[in-house]
Amino acid sequence: MTRRPPGWLLVSGLVVAALAVLPAVYLGVRAAEADADTWALLWRDKTWGLLWRTLGLAVAVTACAALVALPLAWLTTQTDLPGRRGWTVLLCVPLAVPTFVSGYVLLATFGNGGVLEEPLSRWGLPVPSVYGFPGALLALTVSTYPYLFLALRAGLLSQDPAWLEGARSLGMSPARAFWKVTAPLLRPAFVSGALLVGLYVLSDFGAVALLQYDAFSRAIYVQYEGAYDRTYAALLGLALVVVTAAVLVLEVRLRGRAGYHRSAKGAARVSAPVSLGRWRLPALLLCGAVVAVGVVLPVGVLVYWGVRGLVGESASMMAPALGSVLASVLGAVASVLGALPLAFLAVRYPGRLTLAMERVSYVGYALPPIVLALSLVFLGVRALPFLYGTLAMLVLAYVVRFLPQAVGMVRSALLQLNPHLAEAAASLGQSPPAVFRRVTAPLLRPGLLAGAALVFLTAMKELPATLLLAPIGFETLATRVWGATAEGRFAEAALPALVLMAISALGVGLLVSQEGDAPRG
Amino acid sequence: MMRKLLLTLLLSVSSTALAAETLTVYSGRNEKLVGPLLKKFTEKTGIEVKVRYGETPQLAATLLEEGDKTPADVFFAQDAGALGALGNAGRLQALPKATLDKVDARFRSPTGLWVGTSGRARVVAYNTKKVKPADLPKSILGFTDAKWKGRLGWAPTNASFQAFVTALRLLKGDEAATAWLKGIQANEPRVYKNNAAVVEALGRGEIDAGFVNHYYLYAAKKSNAELPVANYFVAAGDPGALVNVAGVGILQGTKQVDNAHKFAAFLLEPEAQTYFSQETYEYPLVKGVKTAEALPSLAKVGSPDLDLSRLDDLRGTVKLLQDTGVL
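Note that the coordinates shown come from a computational prediction; the quantities given were computed from them, not determined experimentally.

Each helix and strand in chain A was counted, giving 24 helices and zero strands. Out of the 521 residues in chain A, the part that is buried amounts to 59%. Carbon and sulfur atoms form 69% of the exposed surface of chain A, whose accessible area is close to 20400 Å².

Attention shifts here to the confidence of the model for chain A. Averaged over every residue, the pLDDT of chain A is 83; the share at 70 or more is 88%. For residues 517–521 of chain A, every residue scores under 50 in pLDDT, and the model assigns this stretch 15 contacts once sequence neighbours within four places are set aside.

Residue and element names in this part refer to chain B. Tallied over the full model, the rule gives 20 salt bridges over all chains. Where Lys319 meets Asp323, a salt bridge forms, and the shortest distance between an N and an O atom there is 3.0 Å. Placement of the pair is Lys319 and Asp323 together in helix H13 (residues 314–323), with a separation of four residues, close to one helical turn. Judged by its relative accessible area of 44%, Asp323 is partly exposed.

Most of helix H3 (residues 56–66) of chain B sits out of view: eleven of its eleven residues are buried. Here H3(B) has its buried residues at Thr56(B), Pro57(B), Gln58(B), Leu59(B), Ala60(B), Ala61(B), Thr62(B), Leu63(B), Leu64(B), Glu65(B) and Glu66(B).

What follows covers the domain arrangement of chain B. All names here are of chain B. Taken domain by domain, chain B comprises domain 1 (16–118 + 244–296) and domain 2 (120–242 + 313–323). Between domain 1 and domain 2, the C-alpha centre-to-centre distance is 27 Å. Contact with domain 1, which involves 15 residues of that partner, is made by ten residues of domain 2. Overall, the association of domain 1 and domain 2 removes approximately 1100 Å² of surface from exposure, summing both partners, and the carbon and sulfur fraction of that is 58%. Remark: the boundary between domain 1 and domain 2 carries one salt bridge. Residues Arg120 and Glu282 are paired through a salt bridge, measuring 3.0 Å at the closest nitrogen-oxygen approach. Our enumeration of links across domain 1 and domain 2 arrives at five residue pairs in polar contact (both at pLDDT 80 or more). Within the residue set of the side of domain 1 that touches domain 2, elements represented by two or more residues are strand E10 (243–251) and helix H11 (270–280). For the side of domain 1 that touches domain 2, the element with the highest residue contribution is E10, accounting for three residues.

Residues and elements named next belong to chain B. The UniProt record marks Tyr215 and Tyr216 with the feature "binding site: Fe cation" (unreviewed entry), using the residue numbering of this structure. You can see Tyr215 is positioned in the loop between strand E8 (209–213) and helix H9 (216–223). On the basis of relative accessible area, Tyr215 is assigned to the buried category, the value being 6%. The residues contacting Tyr215, other than those within four sequence positions of it, are Arg120, Thr280, Tyr281 and Glu282. Secondary-structure assignment places Tyr216 in helix H9. By relative accessible area, Tyr216 is classed as buried at 15%. Tyr216 has contacts with Asn195, Ala196 and Val199, leaving out every residue within four places of it along the chain.

Moving on: a nonpolar patch on the surface. All names here are of chain A. Taken together, the side chains of Trp39, Trp43, Trp48 and Trp52 define a hydrophobic patch exposed on the protein surface, amounting to about 550 Å² of accessible area. Looking at where Trp39 falls in the secondary structure, it is placed in helix H2 (residues 36–42). Residue Trp39 is classed as partly exposed on the basis of its relative accessible area of 36%.

A few words on the confidence of the model for chain B. Residues and elements named next belong to chain B. Looking at chain B, the pLDDT average stands at 89 and 94% of residues meet or exceed 70. This model gives residues 11–19 a pLDDT under 50, and the stretch forms four contacts once residues within four places in sequence are excluded. Here the prediction assigns the complex a pTM of 0.86, and the interface score ipTM is 0.83.

Turning our attention to the packing of helix H15 (residues 318–348) of chain A against helix H19 (residues 391–415) of chain A. Residue and element names in this part refer to chain A. Interaxial distance between H15 and H19 falls to 5 Å at its minimum, and their mutual angle equals 45°. One finds that H15 runs oblique with respect to H19. In this structure, H15 crosses over H19, and the sense of that crossing is right-handed. Tallied by class, the residues present in the contact of H15 with H19 amount to 22 nonpolar, four polar and two charged.

Each value, and the rule that gives it
- Position numbers for residues count from 1 along each chain, tracking the sequence in the order it is written.
- Both sets of labels track the order of writing: A upward for chains, 1 upward for ligands.
- The predicted origin of the model limits local features to residues at a pLDDT of at least 70 and limits the giving and counting of side-chain atom pairs to 80 or more, whereas totals for whole chains, interfaces and linings rest on all residues.
- Hydrogens and waters are ignored; side-chain quantities use all the structure's heavy atoms.
- Elements are defined by DSSP. Helices are runs of H or I of four residues or more, strands are runs of E of two residues or more, and each kind is numbered from the N terminus.
- Only protein chains enter the accessibility calculation, which uses a 1.4 Å probe; a residue whose area is less than 20% of its type maximum is buried, one above 50% is exposed, and one in between is partly exposed.
- Computed with the Shrake-Rupley method and a 1.4 Å probe, the accessible areas treat only the protein chains shown as cover for residues.
- A residue's pLDDT is the confidence the predictor assigns to it, expressed on a 0 to 100 scale.
- Working rule for contacts: check all heavy atoms of both residues, and any pair within 4.5 Å makes them a contact.
- Salt bridges are identified by distance alone: a Lys or Arg side-chain nitrogen within 4 Å of an Asp or Glu carboxyl oxygen.
- Residue ranges for the domains originate in an automatic or database domain assignment.
- Buried area is a sum: the accessible area each of two parts loses on coming together, probed at 1.4 Å, counted once for each and added.
- Each polar contact in these results corresponds to two N or O atoms within 3.5 Å; when the atoms are within protein, one needs to be able to donate a hydrogen and the other to accept it, and residues that are neighboring in sequence are counted only if both atoms are side-chain atoms.
- UniProt positions are given in the numbering used here, feature names are shortened, and annotations may be inferred rather than shown by experiment.
- Residues with no salt bridge and a relative accessible area higher than 30% make up the patches, which join like charges within 9 Å and nonpolar side chains (Val, Leu, Ile, Met, Phe, Trp, Tyr) within 5 Å.
- Helix axes use the C-alpha atoms of the stretch in contact, all axes being lines fitted to C-alpha atoms, and the angles between their N-to-C directions lie in the range 0 to 180 degrees.
- For this classification, under 35 degrees means roughly parallel, over 145 means roughly antiparallel, 65 to 115 means roughly perpendicular, and everything else is oblique.
- Crossing handedness follows the turn of the near helix against the far one: under a right angle anticlockwise gives a left-handed crossing, and clockwise gives a right-handed one.
- Gly counts as polar in this scheme, as do all residues outside two lists: the nonpolar Ala, Val, Leu, Ile, Met, Phe, Trp, Tyr, Cys and Pro, and the charged Asp, Glu, Lys and Arg.

Next up, the structure:
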């Protein structure tokens, strides 16, 4: 435990961690301007109410997302489910649906005058109210379960089949073996995925605003929306940082200290898929149901808007599509590169400092994106004027915002990797870069790819930072969608939104096809 | 192929950043609306324009963070409050008198820091199947009546609503504003994200009446002419008849003062004023330009007598909204 990390690793880790902590520093600077009146605003009962409502929603969404994601991840990796790759891609797509679309879909379905009203009232049944907690829970579960799905998949794929086979050969039933062997080994993947879901809920503004659930991020947004009051907004933001810190400490407790990597022999091997037998149909129905709610419904609504708007002119999607892909790919690559030193330090050189460095990478993620964007404006004009207004600034923003998605994935993959493999390679005379390239990186591939996929998908729909930090005139599909919906022209929003979802699905498909060839270590 | 594409993209980005005689505009107004107008401006004057589009309050916050290092020369804002906030922070410089004088004193900064380019009236939009105009009160204050319980919709996080509450405070005092907010709260209004969502909900029949800006109705009717929603204007002089403006201000420290002046002047020329009126159904603010036919004249709407610069006093309003539990 007292091994010291090499200097270059520590320095690169510190640089990334410093970047990640920037939004909190910015909030500190702005909050320092607060007078007694502003502090008094913070210490009101209303703040506590917001806090409880936000935490309650975060816990509920995480639980529901887990209920959806675990069976789906198992079905698509461990069984003979027909069309596993296709399902995997489709099941990731909800991540790419912009929140305003998923929120609108809910309203158009369950709202007054919505699709369900007539059939339900004919049977004398009340339309379930979608406003408030239930609506926010549903919308956020649908848009966040892919975080857990991807994390659990990566965990399952890099799990050593020897553990499960050992348990089975000793007479455990498949179900018992899953809960006794597979599930405990999934703990790091589960916890890191759950953290992403929970913290996303803290930061989300779109769904809670549309569905009228009064949460913390909405309160922060209101300040920037109308009050031009950066001080009070900063205090609320800092309060959210404190909550995030508490969640992060709690997660460390939940992680436990067990070892998760495979047994000494490191031969890459694929486990034999479980035959579903008569459970095949229910399994397909489950996948179908989730895809119907998360993909088919929003696509249907978009197509409906699009058809209504076909009379209007259709602008070329080439430039914004290229812009989206360019910025998101750069953001994904940069985030994974930034995540590597943090994850390595935390896993291979555990200690207070390295743990803290890995933890602070989550700070930017739980803050409303507008806070993060403004903190980068703050940094950019003061410290990096030569980058300000260039694409590099936007990529930097994506890294600060989405870093934890990559860190979580890389970290849980690294935990499952036996350190002796790299040590053996080193002892055989390989230089550290060669060890990484020839041994560690190939074995980490599922984790690296899952991390890159997550960042890519979420960067594709990112809006506030893109609007404020992209080079002037740089368009993405998300800004196109925003441009149209801001004035209520939904028909014009349909095409860019559909292209956005299609490219996202394509990106995930590409990654999933890579994943299949990966050696499993 | 891909590399070539990337290269051209990067080059085009950096080359626009280097070009000297381009005016940089931060626009809180939509690209669809502003884009064609800017093209005409460039054709007419030869001045290239680069635009960062965004939400007005977020751009205002960005300009405040950027301070004197901002790359922006001009701020084209959706409402007077944002311009007021930047003016108060010392970020705007005075406009030429000739430009200011084109617009009624009510619709520009008294210190000359910004000028309104088009007007937006507060109205009560209502569902025509559920409400008769005769049933609607003459004053916005009348909606606290219990007969409106469960029938109202509003968007309290929306800047234009908050500007109206500020106007209410300034015209009738904090106590009256508090009483009105509490009265409406007692009627359990549905809360929406923005004006467009209120109009949509009216169309769905989710609510009977909602407090919005006048032009959202016409935008919604463009995609659905059958929408059973109409606008109701309260009596002239009532706080509910407030006319707020979208406007333009020139940033402190710009190196392109002349070009920025030309830009502001261009937005007040008949061509641009007519364009706003036709495209968005907003009120033109320069005399001699026709108002859209569906609308009562600006004089008839009768915006209450109020210095719109004072609408930047939003902190007090937000506190009031929070104390009454509206936010």
